[in-house]
Amino acid sequence: MDTKIIGSKIAKARKEINMSQTQLAQLLFISPQAVGKWERGESIPDIITINRLAEILGVDFNYFSENFQSVNVERNMNMANEGLVDTEETLEEAVSISTSAERQLLTNFSGSNLSESDFAGVTAHKRKFNGSGLKGSDFAGADLAESTFVSSDLREANFDGTNLTDCILSTSDLTNASFNKTILVRTEFNKSGLTGAKFKDATLADVKLTMTDLRETIFENCVFNGVDFKYADLRGVSLEGQTFIGVRFDKTALNEANFKGATLKNVSFRPSYALTNKYYRSIQTIIFDGAMMDKLTYAALKGMGAELANVTVI
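Predicted, not measured: the structure shown is a model, and the values here were computed from it.

A closer look at the overall build of the protein
In step 1: When you go through the protein residue by residue, the secondary structure sums to eight helices and 16 strands.
In step 2: Every one of the 314 residues in the protein was classed for burial, and the buried ones make up 42%.
In step 3: Long-range contacts, defined as pairs at least 24 residues apart, comprise 19% of the intrachain contacts of the protein with a sequence gap of at least 6.
In step 4: Here the protein displays about 15,500 Å² of accessible surface, and carbon together with sulfur accounts for 46% of that area.

Let's talk about unusual backbone geometry
In step 1: You will see that M211, though not glycine, has its phi angle at about 50°, which is positive.
In step 2: For M211, a relative accessible area of 42% translates into the label partly exposed.
In step 3: The phi torsion at K251 lies on the positive side, around 55°, for a residue other than glycine.
In step 4: Looking at the secondary structure, you find K251 in the loop between β12 (248–250) and β13 (263–265).

Some words on the packing of aromatic side chains
In step 1: Under the criterion given, the structure shown has 25 aromatic pairs.
In step 2: For the ring pair F224 and F229, a centre distance of 5.9 Å and an interplane angle of 50° mean the geometry is tilted. Of the two residues, F224 and F229, both sit in the buried class.
In step 3: On the basis of an interplanar angle of 20° and a centroid distance of 5.1 Å, the ring pair of F249 and F269 is categorised as stacked. With F249 in strand β12 and F269 in strand β14 (residues 268–270), this residue pair connects regions lying 20 residues apart in the sequence. Across this residue pair, the class does not change: F249 and F269 are buried.

Some details on the pattern of salt bridges
In step 1: Scanning the model with the defined rule gives nine salt bridges in all.
In step 2: Among the charged side chains, a salt-bridge network with shared partners connects D213, R215, D233 and R235.

Comments concerning the side chain of T187
In step 1: Considering the arrangement of structural elements, one finds T187 in the loop between β4 (183–185) and β5 (188–190).
In step 2: The exposure class assigned to T187 is buried, which follows from its relative accessible area of 0%.
In step 3: At 2.7 Å, the side chain of T187 and the backbone oxygen of L164 are in polar contact.
In step 4: In this view, T187 contacts L164, T165, D166, C167, L169, D206, V207 and K208; residues no more than four positions away in its chain are not counted.

Things to note about helix α1 (residues 3–16)
In step 1: The end-to-end C-alpha separation of α1 is 20 Å, in line with the 20 Å expected for 14 residues at 1.5 Å each.
In step 2: Listing the buried residues of α1 in full gives I6, G7, K9, I10, A11, A13 and R14.
In step 3: Taken from the residues just after α1, N18 is the one with a positive phi, measuring 55°.

Re the nonpolar core
In step 1: If you look at the biggest cluster of nonpolar residues, it comprises 59 residues, and the most contacted ones within it are F259, F269 and F288.
In step 2: Filtering out sequence-adjacent residues up to four positions away, F259 remains in contact with L239, F244, F249, L254, L264, F269, I286, I287, F288 and A291.
In step 3: Grouped together as the second largest cluster of nonpolar side chains are 17 residues, L24, W38, L53 and L57 included.

Observations regarding the sheet that holds strand β2 (residues 168–170)
In step 1: The parallel open sheet is built from four strands, whose spatial order is β1-β2-β5-β8. The open sheet has two free edges, formed respectively by β1 (148–150) and β8 (208–210), since each of these has just one partner strand. Averaged over neighbouring strand pairs, the angle between their axes works out to 5° when direction is ignored.
In step 2: Bridging between β1 and β2 involves three bridges; their strand directions are parallel. Looking at the pairing, F149 lines up with L169 of β2.

Focus: the side chain of T165
In step 1: In this structure, T165 sits in the loop between β1 and β2.
In step 2: When near neighbours in sequence (up to four residues on either side) are disregarded, T165 contacts A145, E146, I183, V185, R186 and T187.

Quick look at the sheet that holds strand β6 (residues 198–200)
In step 1: Taken in spatial order, the three strands of this open sheet run β3-β6-β9, and their pairing is parallel. The strands lining the two open edges of the sheet, one partner per strand, are β3 (178–180) and β9 (218–220). Each strand of the sheet is rotated relative to its neighbour by a mean of 5°, with strand direction disregarded.

Things to note about the confidence of the model for the protein
In step 1: For the protein, per-residue confidence averages 85 on the pLDDT scale, and residues scoring 70 or more make up 84% of the total.
In step 2: When pLDDT is averaged over each element of the protein, β3 comes out on top at 98 and helix α5 (residues 70–81) at the bottom at 44.
In step 3: Note on residues 93–105: pLDDT is under 50 here. Beyond four places in sequence and across chains, it has 16 contacts.

A look at the environment of E188
In step 1: Looking at where E188 falls in the secondary structure, it is placed in strand β5.
In step 2: For the pair E188 and I168, spaced 20 residues apart in sequence, the C-alpha to C-alpha distance is 4.8 Å.
In step 3: Leaving out residues up to four positions away in the same chain, E188 has contacts with C167, I168, L169 and K208.

Structural notes on the packing of helix α2 (residues 21–28) against helix α4 (residues 47–57)
In step 1: Packing of α2 against α4 brings their axes to within 11 Å, and their N-to-C directions diverge by 125°. Regarding the angle of α2 to α4, the classification is oblique. For α2 against α4, the interelement crossing comes out right-handed. Each of L24, L27 and L28 in α2 lies in contact with α4, whose residues at this interface are T49, R52, L53, I56 and L57.
In step 2: Among the residues making up the contact of α2 with α4, the classes are represented as six nonpolar, one polar and one charged.

Rules used throughout
Residues numbered from 1 in each chain as written. Predicted model: local features only at pLDDT ≥ 70, side-chain atom pairs only at ≥ 80, totals over all residues. Heavy atoms only, no water. Helix = DSSP H or I, 4+ residues; strand = E, 2+ residues; numbered from the N terminus. Buried < 20%, exposed > 50% of the residue type's maximum accessible area, 1.4 Å probe, protein only. Contact = heavy atoms within 4.5 Å. Areas by Shrake-Rupley, 256 points an atom, 1.4 Å probe, with all protein chains shown as cover. Phe/Tyr/Trp six-rings, centres within 6.5 Å; stacked < 30°, edge-to-face > 60°. Salt bridge = Lys/Arg side-chain N within 4 Å of Asp/Glu carboxyl O. Polar contact = N/O pair within 3.5 Å; in protein donor to acceptor, adjacent residues only side chain to side chain. Expected span 1.5 Å × (residues − 1). Core = buried A, V, L, I, M, F, W, Y, C linked by side-chain atoms within 4.5 Å. Pairing = 2+ DSSP bridges. Axes fitted to C-alpha atoms, helices over the stretch in contact; angles between N-to-C directions. pLDDT = per-residue confidence, 0-100. Parallel < 35°, antiparallel > 145°, perpendicular 65-115°, else oblique. Left-handed = near helix turned anticlockwise from the far one by under 90°. Nonpolar A, V, L, I, M, F, W, Y, C, P; charged D, E, K, R; others polar.

Below you can see the structure in the form of structure tokens.
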């Protein structure tokens, strides 16, 4: 979204009700300088503040969209009331314009400082949060399908119950982020920091966790279906009692990883290059006690020298 356009709209609406920048700032509990930056296009308010601005300035929430057309809708509605146009067609046009404006609204939050922001429960498809400060922000229960988080600060962010289908989280800091019952379908985590991040009661379907250090990431009661861990570091990680179906641990560091009591079906363990003595030794450090696995996975691991004495073949 163009920061200059939204800034000019804030200024226009403010002046129309004869309100000063200082008065507006007081109602928003911010500094007049912050309002000035908005109006000059130097920064942009977050979505919660946009909603509050609409209330204070007495404008429609969609007023801040580049394609807002409420004037035309109002004119057509007045004409409909006077019997000059068909009411049903006018209502359809109003709904169409409103929907179009909503689609255009607030698509780009890149480069914004949105720490501790409340996005809980919002529907925001295809949004861009690239290079943004989102530490401690709450996305619980939100629908963020097809959104991108590239080089963003997402430390301590709450993604519990969030729909992250087709989302990309790349080169971002997700330290201590929470993913409890999160919807993770074709989600990509690439070169991101997940120290202390917790995935609990989540199903990961066709997810990519590539080139990522997962040594201090917590996984509890998760199902991994079609997940790709290529070039990930899982050394010493506990994956006890969890389910792995069609998962690829290709070129993955797995020394002393714990699969105790896990279920593995059609799981691939491939080394970086050739099967070397070093790779054989690393496979032998993996704990599979009490695990259940299909015949093909069992055969592949047995051929690499894995310790499978207490494994059940299914």
